[in-house]
Amino acid sequence: MGSESGKKGKAKAIIIGGSIAGVSCAHALKLAGWDVVVLEKTCAPPTGSPTGAGLGLDPLSQKLIQSWLGGSDSLRTATVPLTIDQNQAIDGKKIRETLTRDENFNFRAAHWADLHGLLYNSLAGNIFSWGHLFLSFSISDDKSCVKVKSKVLETGEIVETVGDLLVAADGCLSSIREYFLPNLHLRYSGYCAWRGVVDFSENEKSETIQCMRRAYPDLGNCLYFDLGSGTHCVIYELLNNRINWIWRRSVTMKVSRDMIKRMQQEAEMVWVPELVSVMKETKEPFLNAIYDCDPLEQIFWDNVVLIGDAAHPTTPHGLRSTNMSVLDAAVLGKCLEKRGVENLRSALEEFQSTRLPVTSKQVLHARRMGRLKQGLLLPDREPFDPSTLTPEDCEELQQKNMPFFADLPLLLDSKNDTQLNLLETGAA
């Protein structure tokens with residue numbers, strides 16, 4: 001069995017999981033002065049456009065990621081603006097009515113693979129260990145270190161990595177979270193989502209995309225929500241003539257051709273023809289079952305801390321998953337920088353007390369938004385019906401109602417953060 005020990009004198013973090021949460025944490029902890037190793041079971045960095053789709057970055061996440069990229073403009077050039085948040089009802093005759101339109105949304109849209117590539121390629125040094133399957137961990141009796149065992153998938157070798165801190169960025173099915181909370185179970189939301197990305201980069205003048213631009217004139221600048229009876233669809237554009245669509249209906253997987261054909265036939269009965277054409281031209285649509293879990297009361301134990309979806313599995317209705325992961329990473333880095341490895345417990349306590357009140361409310365709000373837009377039961381109101389909405393109902397649909405929507409944690413106040421301050425003044 002091989003061994004990879006932590007360096008004397010410099011704190012070392014072992015991050016399990018190399019998705020957006022893990023790579024963001026690598027950036028934040030390196031800036032805090034820590035050595036970092038990321039163990040990721042995938043055998044190589046993602047290339048092209050693997051299964052995975054669009055995401056939305058809020059203004060704070062944009063600033064944080066830009067700071068990790070050295071203040072370059074690469075994030076802006078790899079994303080598309082989402083300055084408008086628009087909800088519109090569609091009836092049985094395919095007639096749409098705008099319910100709400102927020103023109104100060106100020107998010108940006110990215111493809112998962114594009115964002116991951118930006119963050120991964122800007123990391124200096126040999127930080128990622130690809131093809132390492134996490135097996136187990138142990139904490140020393142004096143709590144001074146944590147040892148992680150992983151299996152090198154290519155050779156079968158068992159490797160032991162030693163560090164001061166174990167960061168679980170291993171997703172909503174986190175095996176590390178399960179170790180501490182074996183009775184915690186994910187909650188099925190009651191619906192699934194068909195989704196896909198259709199690429200028109202080689203045929204920008206196709207009839208399908210021209211019709212879509214006429215039907216959705218603010219594509220490339222707008223986050224569209226089409227609301228039907230007991231269902232809703234999300235549409236927005238990604239860089240390089242790609243359209244991301246999500247149809248939420250009462251484990252990421254590829255599906256049979258018969259299932260896809262049936263989905264397309266049912267779409268014809270609900271959505272406008274332009275959107276149905278985009279669904280039909282998507283090469284590999286896939287199906288997500290939507291899960292979350294009740295907010296956790298604790299996200300660290302001794303030398304182990306949860307971040308991202310491992311800490312707060314959430315439904316996607318508030319565009320929070322990626323943004324919570326980025327902010328988790330930034331706040332954890334600031335807590336560790338502020339307290340130092342010699343005060344690791346107090347750093348993790350501050351991280352937990354800073355993030356839990358925020359993420360707990362955001363998870364529950366996202367859950368409510370999902371049930372509202374799907375027309376499912378809620379304890380304080382009748383099921384949502386887009387044909388009988390009140391002004392109050394319409395107001396509740398907007399993304400800006402997310403708790404802590406525009407809040408900046410004190411730890412990340414740009415007055416105390418050189419990198420964010422440089423970005424705001426244009427000096428970076």
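For clarity, every value in this text was computed on a predicted model and none was experimentally measured. (Residues numbered from 1 in each chain as written. Predicted model: local features only at pLDDT ≥ 70, side-chain atom pairs only at ≥ 80, totals over all residues. Heavy atoms only, no water.)

(A) Quick look at the pairing of strand E14 (residues 187-199). Judged from the six bridges that link them, E14 and strand E19 (residues 286-292) form a sheet pairing that is antiparallel. Paired with Arg-187 across the bridge in E19 is Asp-292. In terms of strand pairing, E14 meets strand E17 (residues 242-249) through eight bridges, oriented antiparallel. Looking at E17, one finds that Ala-193 is bridged to Arg-248. (Pairing = 2+ DSSP bridges. Helix = DSSP H or I, 4+ residues; strand = E, 2+ residues; numbered from the N terminus.)

(B) Geometry of the packing of helix H1 (residues 20-31) against helix H9 (residues 321-339). With their axes 8 Å apart at the nearest point, H1 and H9 run at an angle of 25 degrees to one another. The angle between H1 and H9 places the two elements in the roughly parallel class. You can see that H1 and H9 cross each other, and the crossing is right-handed. For the pair H1 and H9, the contacting residues are Ile-20, Ala-21, Ser-24, Cys-25, Ala-28, Leu-29 and Leu-31 in the first and Thr-322, Ser-325, Val-326, Ala-329, Ala-330, Leu-332, Gly-333, Leu-336 and Glu-337 in the second. In terms of residue class, the contact of H1 with H9 is made up of 11 nonpolar, four polar and one charged. (Axes fitted to C-alpha atoms, helices over the stretch in contact; angles between N-to-C directions. Parallel < 35°, antiparallel > 145°, perpendicular 65-115°, else oblique. Left-handed = near helix turned anticlockwise from the far one by under 90°. Contact = heavy atoms within 4.5 Å. Nonpolar A, V, L, I, M, F, W, Y, C, P; charged D, E, K, R; others polar.)

(C) Examining the pattern of salt bridges more closely. Scanning the entire structure with this criterion turns up 23 salt bridges. For Arg-367, the salt bridge identified is with Asp-294, shortest N-O distance 3.0 Å. Highlighted residues: Arg-367 in helix H10 (residues 344-373) and Asp-294 in the loop between E19 and strand E20 (300-301), separated in sequence by 73 residues. Residues Glu-396 and Arg-368 are paired through a salt bridge, measuring 2.6 Å at the closest nitrogen-oxygen approach. With a gap of 28 residues between them, Glu-396 in helix H11 (residues 391-396) and Arg-368 in helix H10 connect regions that are remote in the sequence. Using a relative accessible area of 23% as the deciding quantity, one classes Arg-368 as partly exposed. Each of Arg-368, Asp-380, Arg-381, Asp-393 and Glu-396 takes part in a single network of salt bridges with overlapping partners. (Salt bridge = Lys/Arg side-chain N within 4 Å of Asp/Glu carboxyl O. Buried < 20%, exposed > 50% of the residue type's maximum accessible area, 1.4 Å probe, protein only.)

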